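Here is how the chains run, residue by residue.
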Amino acid sequence: MKNLKYTILFLFGIAAISACKNEFLERPPVDSIVDAGFYKTDEQVLAGTALLYSKVWFDYNDKASFGLGDFRAGTAFSAYNYRDNVLFNTTGSSANNGSAWRAFFNVVGQSNLAIQNIKKYAGSEVSEEVKKMGIAEARFMRAVAYRFLTMNWGDVPIIENNLEILSDTTVSRNTTQSVWKFITSEMRDLSKDLPETPLREGRLTKWSAEAMLARFYLTRAGVEVSGGMRNQTLLDSAKYYADRVISQGNYALMNNYEDLFKYPYDNNSESLFSLQWVYAQNAWGAQNSTPAYLAYSSDIANGDGWGGDISATWWMLGLYDGIKQTETGMAGRTLDQRLKATYMLPGASYPEITQTIDGGEQSLIFPFLDSDRNFASIKKYITGKAKDVDGQAASQNYGNDTYMQRLAELYLIYAEAELGNQESTNDPKALAYFNAVHTRAGLPAYEEALTFDTIFKERIIEFAMEGMAWYDFVRLHYYDPEKAYSILNSQDRGIFAVAPDQFPNPTNWTFTKTSWSTTDRTVTANSGNFLLPIPAAELSQAPNLSKPAVDYYQQN
């Protein structure tokens, strides 16, 4: 079973990991693969960790990935749904809040169980290489889950053995600083147990871990500081690991940005870590359901397509070079190929997607509603009808993977880490790495000094609708909260209309704010609402979560 997707399908034929119960401290589900007779070969150990790449992440990927990662960040909005995230009013009862919390602790619990099972049950026929790799995969997943947990909720409890604590509701939260110390130490240690090339397609490598270390160090550099300055030693570590992955890893940027999201794009040369979804009947939770909620219409979907009110925000569209402010709104076009690959504007053509029209079908031309409110709908991760993907799609059932980290981020991490606490940098390597991403998008090389604002903008555009933007704001908030609030509070997230100069294949668009929509266009971000509140259901089960956090290393 060389392909991880086939392994996932195989596992569903014998046993499926069930979702954890609402209480995150509950013992991991007993219907996981725990039988002592199972971990007897290399293939069985690899199968035992396969679902850590998919099902355990399902409740996060389903809607919370974009609900928290993009709606809260302002890269997209929903006019009529998900309004708690759009308006920055996420509460302890918000659906995405609860599903994300449960998903991340599900990852933690199942990773812990995999580690314990491999240590306890792996037989003599299991190679030391595979045993180490299986444990390293689980530790990697747990560390990534804790990165999401602490960036969303701040102080959270570090759990390394769910079987020991069972339903112990006295477990305390641990400080954000100690969580970051824990996951950085874990990632650094486990990296040596992962191979340089994937043992099976879609599996983690040493470079996956080092890439995540670069991300961790860049973020952690701002965690224990104040006044807008970051820890230089940690910035240097971020730069070191980013450069290693770029120069020594077996990865390369895709030539065309749009190809990153065209079928079949899974496990391409740029993917360092992706969730491995499969299209299959009777395997709920192992498939990618997200396209069902993002596709603008059933005209391009498979009995779903419920994202008709989801759009790029006014603020997001204004970031693209070539779209300029006018007296009445915005207008223009951009050479940046990422706009067309991320959002759909009226008249844009997508030959890879089939569109149902009156009397038949055609290659997709995004429609123009000719009204005072329409949307720049989502394109990224939308792959079309079953016929567009060799039959690998059905309602809420898609097989395209979700990027969790790709190589482009490492180029921008290096540039930002080199900039560090300076106002600007002309460092040749930083500029070269920045331009590798910038020019790939069809833009001319950037020749001015790099600043934080330049790099931050590039990250927002490059990774829009990949669930990443919110975590860039959290990273900024660690060391310069006022700047994070300023950007968020200046965004326009209201309804607008987009008019093409011709239809189809326009050369220019005009953007006009909807005149009757004058409220709920902006948000108020401050120290009181920046972190997510712990879900109400969890607080009722574990009241210690409301008590002051303790340093993880001092309590052990």
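See the structure printed just above.
Okay, so let's go over this structure.

Definitions and cut-offs
- Numbering of residues starts from 1 in each chain and follows the order in which that chain's sequence is written.
- The model is predicted, so local features are restricted to residues of pLDDT at least 70 and side-chain atom pairs to those at 80 or more, both for listing and for counting; the totals for chains, interfaces and linings are taken over all residues.
- By convention in this description, side-chain values take in all heavy atoms of the structure and omit both hydrogens and water.
- Two rings from Phe, Tyr or Trp (for Trp, the six-membered ring) form a pair when their centres are within 6.5 Å of each other. A pair whose planes differ by under 30 degrees is stacked, one over 60 is edge-to-face, and the rest are tilted.
- Numbering of helices and strands runs from the N terminus, with a helix taken as a DSSP run of H or I at least four residues long and a strand as a DSSP run of E at least two residues long.
- Any residue under 20% of the maximum accessible area for its type is buried, any over 50% is exposed, and the rest in between are partly exposed; the area is computed with a 1.4 Å probe on protein chains only.
- Whether a charge lies above a ring is judged from NZ of Lys or CZ of Arg, which has to be within 6 Å of the ring centre and within 35 degrees of the ring normal.
- Residues are treated as being in contact if the distance between any of their heavy atoms lies within 4.5 Å.
- Here a polar contact means two N or O atoms within 3.5 Å. Within protein one must be a hydrogen donor candidate and the other an acceptor candidate, and residues neighboring in sequence count only if both atoms are side-chain atoms.
- In this analysis, strands are considered paired if DSSP registers two or more bridges between them.
- In this text, buried Ala, Val, Leu, Ile, Met, Phe, Trp, Tyr and Cys residues form a nonpolar core when linked through side-chain atoms within 4.5 Å.
- Whenever Lys or Arg places a side-chain nitrogen within 4 Å of a carboxyl oxygen from Asp or Glu, that contact is recorded as a salt bridge.

## Describing the packing of aromatic side chains
Applying the stated rule across the entire model yields 46 aromatic pairs. Summarising the aromatic geometry, the rings of phenylalanine 88 and tryptophan 470 are spaced 5.6 Å apart at their centres and angled 65° between planes, so their arrangement reads as edge-to-face. Residue phenylalanine 88 is found in the loop between helix 4 (83-86) and helix 5 (95-121), and its partner tryptophan 470 is found in helix 17 (residues 469-479); the two are separated by 382 residues along the sequence. Given the relative accessible area of 1%, tryptophan 470 is considered buried. Ring geometry for tyrosine 381 against tyrosine 403: centres 6.5 Å apart, planes inclined by 40°, an arrangement best described as tilted. Taken together, the residues span a long stretch of sequence, with tyrosine 381 in the loop between strand 9 (377-378) and strand 10 (393-394) and tyrosine 403 in strand 12 (residues 402-406) at a distance of 22 residues. Of the two residues examined, tyrosine 381 and tyrosine 403, each falls in the buried class. Above the ring of phenylalanine 148, the side-chain terminus of arginine 147 is found at 5.1 Å from the ring centroid. The ring centre of tryptophan 207 lies 5.2 Å from the NZ or CZ of lysine 206, which sits over that ring.

## Some details on the environment of threonine 90
Tracing the backbone shows threonine 90 in the loop between helix 4 and helix 5. As for threonine 90 and leucine 272, which are separated by 182 residues in sequence, their C-alpha atoms are 31 Å apart. Apart from the residues within four sequence positions on either side, threonine 90 is in contact with Arg72, Asp84, Asn85, Asn97, Leu532 and Pro533. A polar contact is formed between the side chain of threonine 90 and the side chain of asparagine 85, at a distance of 2.7 Å.

## Quick look at the environment of serine 515
Within the secondary structure, serine 515 sits in the loop between strand 14 (509-513) and helix 19 (536-541). Residues serine 515 and tryptophan 470, 45 residues apart in the sequence, show an inter-C-alpha distance of 29 Å.

## Here we look at the pairing of strand 12
Counting buried residues along strand 12, five of its five residues qualify, which places the element largely inside the surrounding structure. Of the pairings in the sheet, the one linking strand 2 (residues 271-275) to strand 12 comprises four bridges and is antiparallel in character. Note on strand 12: the bridge partner recorded for serine 274 is tyrosine 403.

## Brief notes about unusual backbone geometry
Here the bond from tyrosine 263 into proline 264 is cis, since omega is -10°, no more than 30 degrees from zero. In this structure, proline 264 sits in the loop between helix 10 (232-248) and strand 2. Cis geometry marks the peptide bond from phenylalanine 503 to proline 504, where omega comes out at 0°. Among the structural elements, proline 504 can be located in the loop between strand 13 (496-500) and strand 14. Not every positive phi belongs to a glycine, and asparagine 282 is a case in point at roughly 60°.

## A word on the nonpolar core
By size, the foremost hydrophobic cluster in this structure holds 172 residues, and its most contacted members are Trp57 and Tyr146. No other element matches helix 6 (residues 128-153), which puts 15 residues into this core. Those residues in contact with tryptophan 57 that lie beyond four places of it in its chain are Leu52, Phe104, Val107, Met141, Val144, Ala145, Phe148, Leu275, Trp277 and Met404. Formed by eight residues, the second largest nonpolar core is a distinct cluster that contains Tyr257, Tyr265, Tyr381 and Tyr403.

## Examining the pattern of salt bridges
Using the criterion set out here, one finds 34 salt bridges in the structure. Between glutamate 418 and lysine 239 there is a salt bridge, with its nearest N and O atoms 2.7 Å apart. Of this pair, glutamate 418 sits in helix 14 (residues 407-419) while lysine 239 is found in helix 10, placing the two residues 179 residues apart along the sequence. Take glutamate 418: its relative accessible area is 16%, and that puts it in the buried class. With a closest N to O distance of 3.0 Å, glutamate 466 and lysine 380 form a salt bridge.

That's the geometry; what it means functionally is another story.
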